[in-house]
Amino acid sequence: MRTLLPYMRKYIVYAVLCPLFMILEALADIFIPYLMSRIVDVGIANQDIEYIVKVGLIMVGAALLAMFFGVVSAHFGARAGFGFAAEIRQQAFEKVQSFSFANLDQFTVPSLITRLTNDCNTIGQVTMMSLRMAVRAPFLMLFALIMAFNMNAELARVFMVAVPLTAAIIGAVLPKARPLFQKLQTRVDRVNAVIQENLIGIRVVKSFNRQHHEEKRFKERNDALKNTALYAISLVISIMPMLNLIVYSTIIAVLWFGGKQVSAGTMGSGELISFITYITQVLISLMMMSFFFMQLLRGSASAARIIELLNTEPEIKEPKQPVKELKDGSVSFEHVSFSYPGSREKTLKDITVHIKSGEIVGIIGSTGSSKTTLVQLIPRLYDVTEGSVKVGGVDVREYDIRALRDQVAFVLQKNTLFSGTIRENMLWGNENATDEQIIKALKQAQAWEFVSKYEDGLDHRVEQGGDNFSGGQKQRLTIARALLKSPKIIILDDSTSAVDMATDAKIQRVFKSELKDITTIIIAQRIASIQHADKIIVMHEGKIESIGDHATLIKASPIYREIYESQQKGVGMDCIIEEIE
Ligand SMILES: Nc1ncnc2c1ncn2[C@@H]1O[C@H](COP(=O)(O)OP(=O)(O)OP(=O)(O)O)[C@@H](O)[C@H]1O
Ligand SMILES: [Mg+2]
């Protein structure tokens, strides 16, 4: 509560007005049965038409007022509830933006989605209902009790049995509900996980004909969610018949004892009717309170999940006196070891390597040899476990994170474009870039050759994830986007794997001639992509197997030689370069 309450600040006026109007509605509701008893006992008993009309009109007025207060209260409640939820959602979203890769690994994306959507909605709805019910129920009950005791204290003693009985039933069921609601939210997580994974990979699912398998997997989790929801709901519903039984028994008791008083002439028949209305109001209020507690439990399960998110400190922290400027594009790894969070195994083992500013460095090695893991440490996507990574002679942990990442452009292996236009995607690299600058970067990344063919050029639509481009086109666009940052260091993680050899060669040439001041780190599967690098690092099982240029490695590194020979069966890059020159 203490963590979330501050987010209500903006909506506090509505949160106060809602229950106030609710009390007014409850007052009007209480007044109506009293007026009714006057009509029966005074108006009808005396055959006084004028009195009946007068009191009848007041009754209509009270009903209209109750309706008005109710609507206004509901309106304020909705504003407070949904505003509160929106505020929390905003904060949670901003928190997620500050998360490091390690935090994202910990929470998982589907769970974050559920928390930001479903859990926030639940908090909003529960807040809205609580603001109304938490006030209406006790007030209505209190007023109705006062009126009933005033009217006939002797008859009102039925409450002494009915109220404790109701409270006992509610008290027995509620503790069972909380763990159920928590379970419900984790089940929603699991359903979302399948939906998300399936939709992102829907093309793969179809091409592998895995729809049937996916449907089965979805059905299992969907059924589990349904069953938990049903169980939770049946628990809630199971209270209802018991409470109804109490209500009806109480009414029968009142009719029995009250009826005797009416025939003895000590109670008016109108009074008896309104007395029954008050009884119903008291018991309904009790039911409402049980429902309210139930909602509160549901809300608290969701709130706990949001609070967990809000209270998570980003794994990667800003230093106290951050360095804002990178001196140059040199990179050194000094005795670096690294394990992924939650894993005991060392993914990188004692890496030491120095890269001079402006050098072109190739990294090669079999899949899973930790190439990606190695370069992720440079823009501080993860922090080292041991040793240090220095950029421009300064430990990356001493930089302002924004400054560091602005200067280190990283074209991720699993890169993606965002829905919008090509221009909008390019502006991610530099929001102030002019069209000329964008076109220049597209030309350098060899993307202009296809972008210029679109009638709408830079305004060409990009679908979500860049799905309307070929793999090679997408890779070239992401390289251009990185170049627009005018970084000091650029890292291409397998970024030309889908590009044809000739175009790949052209891109390599641009880095060698036009962009020679930028430190370029190229991870590649093809020797041809890195053959002309100043330095090539051969990775093997999390360690550096050897470092050197192409000629040295051919002689010195068995792994490199093996890769080279296996790739020599096709056409070498050299012939292609000669051809285009
Ligand atoms: N987020 C992660 N959490 C836990 N382990 C991971 C994570 N990412 C990678 N790994 C593990 O680290 C090891 C190295 O992976 P990495 O992605 O660095 O290899 P790679 O050399 O880039 O392979 P590829 O050539 O296929 O891209 C692998 O064994 C992988 O299972
Ligand atoms: Mg990789």
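The preceding data block contains the structure.
Residues numbered from 1 in each chain as written. Chains lettered and ligands numbered in written order. Predicted model: local features only at pLDDT ≥ 70, side-chain atom pairs only at ≥ 80, totals over all residues. Heavy atoms only, no water.

1. What to know about a nonpolar patch on the surface
- On the surface, Ile12, Val13, Val16 and Leu20 cluster together into a nonpolar patch covering about 350 Å² of accessible area.
- Its place among the elements puts Leu20 in helix H1 (residues 12-44).
- Owing to a relative accessible area of 46%, Leu20 belongs among the partly exposed residues under this scheme. (Patch = residues over 30% accessible without salt bridge, like charges linked within 9 Å, V, L, I, M, F, W, Y side chains within 5 Å. Areas by Shrake-Rupley, 256 points an atom, 1.4 Å probe, with all protein chains shown as cover. Salt bridge = Lys/Arg side-chain N within 4 Å of Asp/Glu carboxyl O. Helix = DSSP H or I, 4+ residues; strand = E, 2+ residues; numbered from the N terminus. Buried < 20%, exposed > 50% of the residue type's maximum accessible area, 1.4 Å probe, protein only.)

2. Some points on the packing of aromatic side chains
- Following the criterion strictly, the structure yields 17 aromatic pairs and no others.
- Seen in terms of ring centroids, Tyr14 and Phe76 are 5.7 Å apart; in terms of plane orientation they differ by 25 degrees. Their pairing is stacked. Linking Tyr14 in helix H1 with Phe76 in helix H2 (residues 49-98), this pair joins segments that are 62 residues apart in sequence.
- Here Tyr14 falls in the partly exposed class, since its relative accessible area comes to 23%.
- Classification of Phe76 as buried rests on a relative accessible area of 16%.
- With 6.3 Å between their ring centres and 65 degrees between their planes, Tyr454 and Phe469 make a pair best called edge-to-face. (Phe/Tyr/Trp six-rings, centres within 6.5 Å; stacked < 30°, edge-to-face > 60°.)

3. A short note on the environment of Val55
- In this fold, Val55 is placed in helix H2.
- Placed 20 residues apart in sequence, Val55 and Leu35 show a C-alpha to C-alpha distance of 6.6 Å.

4. Some thoughts on the site of ligand 1
- Near ligand 1 you find 13 residues, and of these Gly368, Lys371, Thr372, Thr373 and Gln413 are the closest.
- Residue Gly368 places a main-chain N or O atom 2.9 Å away from an oxygen atom belonging to ligand 1.
- Note that an oxygen atom of ligand 1 is positioned 2.7 Å from one of the side-chain N or O atoms of Gln413.
- About the coverage of ligand 1: the protein hides 61% of its 630 Å² of free accessible area.
- Looking at which element gives the most residues to the shell around ligand 1, the answer is helix H9 (residues 371-376), with three residues.
- Per-class residue counts for the shell around ligand 1 are two nonpolar, nine polar and two charged. (Near = heavy atom within 4 Å. Polar contact = N/O pair within 3.5 Å; in protein donor to acceptor, adjacent residues only side chain to side chain. Nonpolar A, V, L, I, M, F, W, Y, C, P; charged D, E, K, R; others polar.)

5. Describing the coordination of the magnesium ion (ligand 2)
- Around the magnesium ion (ligand 2), the protein contributes the donor atoms Thr372 (OG1) and Gln413 (OE1), which lie 1.8 to 2.2 Å from the metal centre. Of this pair, Thr372 sits in helix H9 while Gln413 sits in the loop between strand E6 (408-411) and strand E7 (420-421); the two residues are 41 residues apart in sequence, bridging distant segments of the chain.
- The class for Thr372 is partly exposed, based on a relative accessible area of 22%.
- For Gln413, a relative accessible area of 40% puts it in the partly exposed group. (Donors = N, O, S within 2.8 Å, 3.2 Å for Na, K, Ca; no water.)

6. Some thoughts on the side chain of Ser130
- Within the element layout of this structure, Ser130 appears in helix H4 (residues 109-151).
- Discounting residues that sit within four places of it in the chain, Ser130 has contacts with Val135, Phe292 and Leu296. (Contact = heavy atoms within 4.5 Å.)

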